[in-house]
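Remarks on the overall topology
So you can see what is in the structure, the chains are spelled out below.
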Amino acid sequence: MSNWQIYYRATETRPPRPTLLRALASFAAEGRGPGLLAVDLGSGIGRDALPLLRSGWRVLAVDREQAALDELEARAAAESLAGLRTRCQSLERVRLPGCDLVNASFSLFGCRPAAFPRLWRRVVAALHPGGRFAGQILGPRDSWAGSSERSVLERTELDLLLHPLDLEQLEEEETDTVTPIGEAKHWHIWHVNARRPS
């Protein structure tokens, strides 16, 4: 069993991420929601995509693991959930349609640093006016900082990154845990909710 398969099995019953729930609550407070399009980057087997579908959203789920997308499709079909499209593609290559929400739960830092600025520009450009971003960015004290495969941002870099958007909530988390695949991990995370100005 691959590390990704172990991760999916360990997390499949966990609730959607708080950043996603905050974004959905903000849309609901504006009287918006059902029928809108969300792009779920690094969707896996649907921890966030399935709750979006249950809430009446249309979802484009993007993941580089086809087996995860196959399982997501099967789970959506088992619940007769409409509105799902999937795309097997790396985040570095993905082309995003115009959308109302980009959800990137613990996925953007999987993009190599050299490719991250281009990916972020595509995220911002894809958001319709009034659209939202919800997700996580790694901070400089994370144990993955320094990896050529992981994107990490200082606070000043994060502020520049978010400049085109209206920041709705930013939480900094720093903690030691064991990952779902059993590895000791020091996390330094920025939890971000932001909105593209109307």
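Described below are features of the structure shown in this document. Given the structure is predicted, the values throughout are model-derived calculations rather than measurements.

Counting across every chain of the model gives 12 salt bridges. A salt bridge links Glu79 to Arg54; the nearest nitrogen and oxygen atoms lie 2.7 Å apart. Of the two residues, Glu79 sits in the loop between helix H4 (66-78) and strand S3 (84-88) while Arg54 sits in helix H3 (residues 49-54), which places them 25 residues apart along the sequence. Assessed through its relative accessible area of 37%, Glu79 is described here as partly exposed. Looking at Arg54, the relative accessible area reads 47%, which means it is partly exposed. Across the pair Glu168 and Arg132 runs a salt bridge, and its minimum N-O distance is 2.8 Å.

Turning our eyes to something else, we now look at the sheet that holds strand S6 (residues 166-178). As summarised here, the arrangement of the 7 strands in space is S3-S2-S1-S4-S5-S7-S6, forming an open sheet in which the pairing is mixed. The open sheet has two edge strands, S3 and S6, and neither has a second partner. Across this sheet, the average inter-strand angle for adjacent strands is 15°, counted without regard to direction. Sheet analysis places strand S1 (residues 37-41) next to strand S4 (residues 99-104), joined by 3 bridges and oriented parallel. In the strand pairing of S4, Val39 is matched with Val102. Contacting strand S2 (58-63) and S3, H4 crosses the sheet at an angle of about 170° to S3. Of the strands in this sheet, strand S5 (127-138), S6 and strand S7 (184-195) touch helix H6 (residues 155-162), which is tilted by about 30° from S7.

Below, the discussion takes up the state of the cysteines. Counted according to the given criterion, the structure contains 0 disulfides. The closest cysteine sulfur to the non-disulfide-bonded Cys88 is located on Cys111, 16 Å from its own sulfur. Cys111 gets classed as buried once you look at its relative accessible area, which sits at 1%.

Cut-offs applied
Residues numbered from 1 in each chain as written. Predicted model: local features only at pLDDT ≥ 70, side-chain atom pairs only at ≥ 80, totals over all residues. Heavy atoms only, no water. Salt bridge = Lys/Arg side-chain N within 4 Å of Asp/Glu carboxyl O. Helix = DSSP H or I, 4+ residues; strand = E, 2+ residues; numbered from the N terminus. Buried < 20%, exposed > 50% of the residue type's maximum accessible area, 1.4 Å probe, protein only. Pairing = 2+ DSSP bridges. Axes fitted to C-alpha atoms, helices over the stretch in contact; angles between N-to-C directions. Contact = heavy atoms within 4.5 Å. Disulfide = S-S within 2.5 Å.

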